There are 2 protein chains.
Amino acid sequence: MSTAPSSPPIFGRIGVIGVGLIGSSLVRAAMETGAAQSVSLWDQDPSTLARAAELGLGEPAASLAEAVSQADAVFLCMPVGALATTGALCAGSMKDGAILTDVGSVKASVAKDLRTLSRPGLHVIPGHPIAGTEKSGPDAGFASLFRGRWCILTPEPDGDKDYLSAVEALTRFWERLGSRVELMDAARHDLVLAITSHVPHLIAYNICSTAADLEAVTQGEVVKFSAAGFRDFTRIAASDPTMWRDVFLNNREAVLEILGRFNEDLTALQRAIRWGEGDLLFDVFTRARGVRQSIIEAGQDTAAPNFGRDAPAEPKP
Amino acid sequence: MSTAPSSPPIFGRIGVIGVGLIGSSLVRAAMETGAAQSVSLWDQDPSTLARAAELGLGEPAASLAEAVSQADAVFLCMPVGALATTGALCAGSMKDGAILTDVGSVKASVAKDLRTLSRPGLHVIPGHPIAGTEKSGPDAGFASLFRGRWCILTPEPDGDKDYLSAVEALTRFWERLGSRVELMDAARHDLVLAITSHVPHLIAYNICSTAADLEAVTQGEVVKFSAAGFRDFTRIAASDPTMWRDVFLNNREAVLEILGRFNEDLTALQRAIRWGEGDLLFDVFTRARGVRQSIIEAGQDTAAPNFGRDAPAEPKP
């Protein structure tokens, strides 16, 4: 839904805590769409905060308390492992009627931690915009990151009328940024994301690690012939290690459950290869192929071959 | 290396047997670069052959024998499992001094099978252009597919002077198409490709299969939230099932060896998640991240975030 920049802002002021890829994209998108009138910034790393200010992303605050005290909504944009502590530091300085939300990739543990901060007049609404790239830092962000992507909110099930209004405002905010919003139970979010995101990332990290360890094949050869398929995995494995460590530590049960299924299925394929069971391989491959078509039809990826990326003009020796 | 189309052709006539993605791209590239003067086509599927002719890709032959009888070089462009039989059918009709080569993703078993067809005046040179997309069929091919990509040849180690000249001609042919050529031992090729291509494809197929099976999460949700990482795997898993079945059946030893290592490493990560060993996860993820940078520096992939693909304008419900 395209919105004229002249539409009234959803929030007067927002506080964005953490100005990496997601935080800096959120600021850019909020300013470009007019979803917020003004933005206060904070980052625990002074050089990151200075860089964000240099990029003109908003008003850097002198302290975390200053960044959140006037905000109608505070967005915690940091690795999941830092959310509970930072959220607690924010809550005491936030004004009445404000929203405390986050962008973390895990929701059940976050919801549990943040809910303890809830008080009359402080609306805790965990959130997760399903958007990103493999890059990190304030320079990597861009305003269109959330456009056409889903954003999941996992609000408390028993919120009062004020809380529901706050959820509605946050929903309109993400919609203004170009996202489609889905309300979901936190545990279900974590299971769905374990299969669509967490386990795929773990596997990508793992195959890069296996490849790097191979003594029988030099790393030079792995890199040289990576375009045969391997390079696709390395893109995902280029994502921020701290963020992903925290995801796995905080979504342990769902990740181990999906990983168990993945391992069973892989063992069956491995056995089929050992015993030369071509029909089994063919059937599994054929069914897997169908998933791709569904994703393209749902508008979740490009139909262009090789994601539309160009071959480099010349390989380097 | 760009070559003027007016450079003399490497081969007078080539025979391309199998006009799917790779075969039809080879024909297009050979015609565009003038690497061959004329092209005879054959495909075991009459409708595929007719479609290739309709696309103006070359001269469709009335029989396999006719397609190869006047060719200076015959390219077998089909799943690995069909190479031995088709190669044998070609060899008897080929003229003296001609080259018999292929584009299969496995080389040791292919070299062993095709070598039995070798005779004075018939030069068997197994080959593998490391290029492709997830699409199939003659409409999916394009002339620039091999540009900037590696092509591996696995010639016989004990070839005579005529054989070496044939290897040199085939090398120049692939270079004209824009590839850089590497000569390699067939067994080493199969080990390197097991890690850079075969095991990554198996894992991609497997995770798509695991996802499709999940009863606790609907397939609709997996598709809907696939942009979180999963969609990358589905591209690879959209590749031709017959081709890949044959790859695994014909490169069994190397694939099982690499798969064993992958499983050990994944088990270690799984254990680290269960026991909350964040430092181990962080270290593995950090090292894996480095592989990506090497690949971009080697010109094997784009540095653009998300492979440079655009977010869709609007998600579909």
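Residues numbered from 1 in each chain as written. Chains lettered and ligands numbered in written order. Predicted model: local features only at pLDDT ≥ 70, side-chain atom pairs only at ≥ 80, totals over all residues. Heavy atoms only, no water.

Before going further, it helps to examine the overall build of chain A. In terms of helices and strands, chain A carries twelve helices and nine strands. In terms of C-alpha radius of gyration, chain A reaches 22 Å, essentially the compact-globule figure of 20 Å for 317 residues. Here chain A holds 317 residues, and the buried ones make up 59% of them. Residue pairs at least 24 apart in sequence account for 74% of intrachain contacts in chain A once pairs closer than 6 positions are excluded. Just so you have it, chain A exposes about 11800 Å², and 52% of that area is on carbon and sulfur atoms. (Helix = DSSP H or I, 4+ residues; strand = E, 2+ residues; numbered from the N terminus. Rg over C-alpha atoms; globule rule 2.2 N^0.38 Å. Buried < 20%, exposed > 50% of the residue type's maximum accessible area, 1.4 Å probe, protein only. Contact = heavy atoms within 4.5 Å. Areas by Shrake-Rupley, 256 points an atom, 1.4 Å probe, with all protein chains shown as cover.)

What follows concerns the environment of Thr302 of chain B. Mapped onto the secondary structure, Thr302 of chain B falls in the segment after helix H12 (278-297). Other than its neighbours up to four places away in sequence, Thr302 of chain B contacts Arg309 of chain A together with Arg292, Ile296 and Phe307 of chain B. A polar side-chain atom of Thr302 of chain B sits 3.0 Å from the main-chain amide nitrogen of Ala304 of chain B. (Polar contact = N/O pair within 3.5 Å; in protein donor to acceptor, adjacent residues only side chain to side chain.)

Okay, the sheet that holds strand E9 (residues 180-183) of chain A next. Sheets are built from strands that pair by backbone hydrogen bonding, the pairs being arranged parallel or antiparallel. Residues and elements named next belong to chain A. Spatial ordering of the open sheet is given by E7-E8-E9, a layout of three strands whose pairing is mixed. The open sheet has two edge strands, strand E7 (127-129) and E9, and neither has a second partner. With direction set aside, neighbouring strand axes in the sheet form an average angle of 20°. Strand direction decides the pairing type here: E7 and strand E8 (residues 150-153), joined by three bridges, are antiparallel. (Pairing = 2+ DSSP bridges. Axes fitted to C-alpha atoms, helices over the stretch in contact; angles between N-to-C directions.)

Keep in mind that low pLDDT regions are not for reading the predicted coordinates in detail. All names here are of chain A. Mean pLDDT over chain A: 92, with 96% of residues reaching 70 or higher. Low pLDDT, under 50, characterises residues 311-317; the predicted model gives this stretch 20 contacts beyond four residues in sequence or across chains. On the interface metric, ipTM, the complex scores 0.91, and its pTM is 0.91. (pLDDT = per-residue confidence, 0-100.)

All names here are of chain B. Examined against the element boundaries, Asp43 turns out to sit in the loop between strand E2 (36-42) and helix H2 (46-54). Arg28 provides the closest opposite charge to the buried, salt-bridge-free Asp43, at an N-O distance of 11 Å. A distance of 2.9 Å separates a polar side-chain atom of Asp43 from the backbone nitrogen of Val19. In terms of polar contacts, Asp43 uses its side chain to reach the backbone amide nitrogen of Asp45, at 2.9 Å. Leaving out residues up to four positions away in the same chain, Asp43 has contacts with Gly18, Val19, Gly20, Thr48 and Leu49. (Lys, Arg positive; Asp, Glu negative; His and termini not counted. Salt bridge = Lys/Arg side-chain N within 4 Å of Asp/Glu carboxyl O.)

Residues and elements named next belong to chain B. Read across the open sheet, the three strands follow the order E7-E8-E9; overall the sheet is mixed. Looking at strand neighbours, the two that pair on one side only are strand E7 (127-129) and strand E9 (180-183), the edges of this open sheet. Taken pair by pair, the neighbouring strands of this sheet meet at an average axis angle of 20°, ignoring direction. Helix H6 (residues 161-176) contacts E7, strand E8 (150-153) and E9 of the sheet and is inclined by roughly 165° relative to E8.

All chains considered together, the criterion is met by 20 aromatic pairs over all chains. Taken together, a centroid distance of 6.0 Å and an interplanar angle of 70° make the contact between Phe225 of chain A and Trp150 of chain B edge-to-face. Placement of the pair is Phe225 of chain A in the loop between helix H8 (219-224) and helix H9 (230-236) and Trp150 of chain B in strand E8, with the two residues belonging to separate chains. Ring geometry for Phe146 of chain B against Trp174 of chain B: centres 5.2 Å apart, planes inclined by 80°, an arrangement best described as edge-to-face. Remark: Trp174 of chain B occurs in helix H6 and Phe146 of chain B occurs in the loop between E7 and E8; sequence separation between them is 28 residues. As far as burial versus exposure is concerned, Phe146 of chain B and Trp174 of chain B are alike and both buried. Taking the ring centre of Trp150 of chain B as reference, the NZ or CZ of Lys224 of chain A above it sits at 4.6 Å. (Phe/Tyr/Trp six-rings, centres within 6.5 Å; stacked < 30°, edge-to-face > 60°. Lys NZ or Arg CZ within 6 Å of the ring centre and 35° of its normal.)

This part covers the packing of helix H7 (residues 186-213) of chain A against helix H11 (residues 252-274) of chain B. Taken N-terminus to C-terminus, the directions of H7 of chain A and H11 of chain B make an angle of 130°; their axes are 9 Å apart at the nearest point. Between H7 of chain A and H11 of chain B, the interaxial angle falls into the category oblique. Like other packed secondary-structure pairs, H7 of chain A and H11 of chain B cross with a definite hand, here right-handed. Of the residues in H11 of chain B, those in contact with Leu202, Ile203, Asn206, Ile207, Thr210 and Asp213 of chain A of H7 of chain A are Arg261, Phe262, Asp265, Leu266, Leu269 and Ile273 of chain B. Tallied by class, residues from the contact of H7 of chain A with H11 of chain B come to seven nonpolar, two polar and three charged. (Parallel < 35°, antiparallel > 145°, perpendicular 65-115°, else oblique. Left-handed = near helix turned anticlockwise from the far one by under 90°. Nonpolar A, V, L, I, M, F, W, Y, C, P; charged D, E, K, R; others polar.)

The subject of this paragraph is the interface of chain A and chain B. By a widespread convention, an interface's size corresponds to the accessible area lost as its parts come together. Between chain A and chain B, the residue contacts involve 117 residues of the former and 117 residues of the latter. A salt bridge links Asp301 of chain A to Arg231 of chain B; the nearest nitrogen and oxygen atoms lie 3.7 Å apart. Where chain A packs against chain B, one counts 43 residue pairs in polar contact (both at pLDDT 80 or more). Every element with two or more residues in the side of chain A that touches chain B is listed here: E8, E9, H7, H8, H9, helix H10 (241-250), helix H11 (252-274) and helix H12 (278-297) of chain A. Examining the composition of the side of chain A that touches chain B, we find that 22 residues originate from one element, H7 of chain A, more than from any other. Tallied by class, residues from the side of chain A that touches chain B come to 62 nonpolar, 27 polar and 28 charged.

Turning to helix H4 (residues 83-91) of chain B, a few remarks are in order. Residue pairs spaced three or four apart in an α-helix point in one direction, given the helix's 3.6 residues per turn. Residue and element names in this part refer to chain B. Turning to H4, its buried residues number three or more, namely Leu83, Thr86, Gly87, Cys90 and Ala91. With its buried residues spanning 135° around the axis, H4 presents them on a single face. Summarising the geometry of H4, the exposed residues directed more than 90 degrees from the buried face are Thr85 and Leu89. Those residues of H4 that are buried lie in contact with strand E1 (11-17), helix H3 (64-69), strand E4 (73-76), strand E5 (98-102), helix H5 (108-115) and strand E6 (122-125). (Arc of directions from axis to C-beta.)

Moving on to the pattern of salt bridges. If charged atoms from side chains of opposite charge come close, those side chains can pair. Per the counting criterion, the structure on display carries 38 salt bridges over all chains. Ionic pairing is found between Asp232 of chain A and Arg235 of chain B, a salt bridge with its closest N-O pair at 3.0 Å. Of this pair, Asp232 of chain A sits in helix H9 while Arg235 of chain B sits in helix H9 (residues 230-236), each in a different chain. Of the two residues examined, Asp232 of chain A and Arg235 of chain B, each falls in the buried class. Linking Glu257 of chain A and Arg261 of chain A is a salt bridge whose minimum nitrogen-to-oxygen distance equals 2.7 Å.

This part takes up the relation of the copies chain A and chain B. For the match of chain A to chain B, the screw axis carries a shift of 0.0 Å, the RMSD comes to 0.0 Å, and the turn is 180°. Read as a symmetry element, the transformation amounts to a two-fold axis. A high fraction, 100%, of the interface residues of chain A reappear at the interface in chain B, so the copies pair face to face through one surface. (Least-squares fit on C-alpha atoms with pLDDT ≥ 70 in both.)

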